[in-house]
Amino acid sequence: VMKVEVTETFSFEAAHRISDSRPEYNTIHGHSHEVLVTIKGKVKTSQGWLVEQSEFRKIAGFHIKRLDHKYLNEIFDNTTAEGIASHLLYVIGKSDWPPGVKVKSVEVRKTTTRAKASA
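Residues numbered from 1 in each chain as written. Predicted model: local features only at pLDDT ≥ 70, side-chain atom pairs only at ≥ 80, totals over all residues. Heavy atoms only, no water.

## Examining the overall build of the chain
The secondary structure content of the chain amounts to two helices and four strands. Put simply, the chain runs from its N terminus to its C terminus through helices and strands in the order β-β-α-β-α-β. By its C-alpha atoms, the chain is 55 × 45 × 20 Å across when sized along the principal axes. The 119 residues of the chain split such that 34% are buried. Relative to all contacts within the chain whose residues are 6 or more apart in sequence, the contacts with residues 24 or more apart total 68%. Separation between the mean location of the 18 positive side-chain charges and that of the 14 negative ones in the chain comes to 5 Å. (Helix = DSSP H or I, 4+ residues; strand = E, 2+ residues; numbered from the N terminus. Buried < 20%, exposed > 50% of the residue type's maximum accessible area, 1.4 Å probe, protein only. Contact = heavy atoms within 4.5 Å. Lys, Arg positive; Asp, Glu negative; His and termini not counted. Charge placed at Lys NZ, Arg CZ, Asp CG, Glu CD.)

Encoded structure:
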């Protein structure tokens, strides 16, 4: 039986504000977020995976989709990237994973949109 880790990437858009910080953070503003969810465990299936990819995406994606196009301050208190990662680690970790599968980490990255025009 082999121990493995698997990571899936998700994304969502959301608005928030952070009080008691720089004035520009105190106004409502939004970000694009990239979320990397890593699970770990022992491969026990004949197919050689911890959990089938669509099931992984369904379990973790359910909680990430609940944040998409929302005002995060209405959902939880600490809306920094660290707070979002902690919130998602908690709710995704409590989800119904197959026996022996655990959520190892949740990484949240704020992403930027790039536009390019060329002749």
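The discussion continues.
## Quick look at the pattern of salt bridges
For the coordinates displayed, the defined rule picks out four salt bridges. Glu 8 is paired through a salt bridge with Arg 57; the nearest N and O atoms lie 2.6 Å apart. Of the two residues, Glu 8 sits in strand E1 (residues 3–16) while Arg 57 sits in helix H1 (residues 53–65), which places them 49 residues apart along the sequence. We classify Glu 8 as buried; its relative accessible area is 10%. On the basis of relative accessible area, Arg 57 is assigned to the partly exposed category, the value being 32%. The network of salt bridges with common partners includes Glu 34, Glu 107 and Arg 109. (Salt bridge = Lys/Arg side-chain N within 4 Å of Asp/Glu carboxyl O.)

## Comments concerning the environment of His 31
Its location among the elements puts His 31 in strand E2 (residues 29–42). With 24 residues separating them along the chain, His 31 and Thr 7 place their C-alpha atoms 22 Å apart. Setting aside its immediate chain neighbours within four residues, His 31 contacts Phe 12, Glu 13, Ala 14, His 16 and Lys 110.

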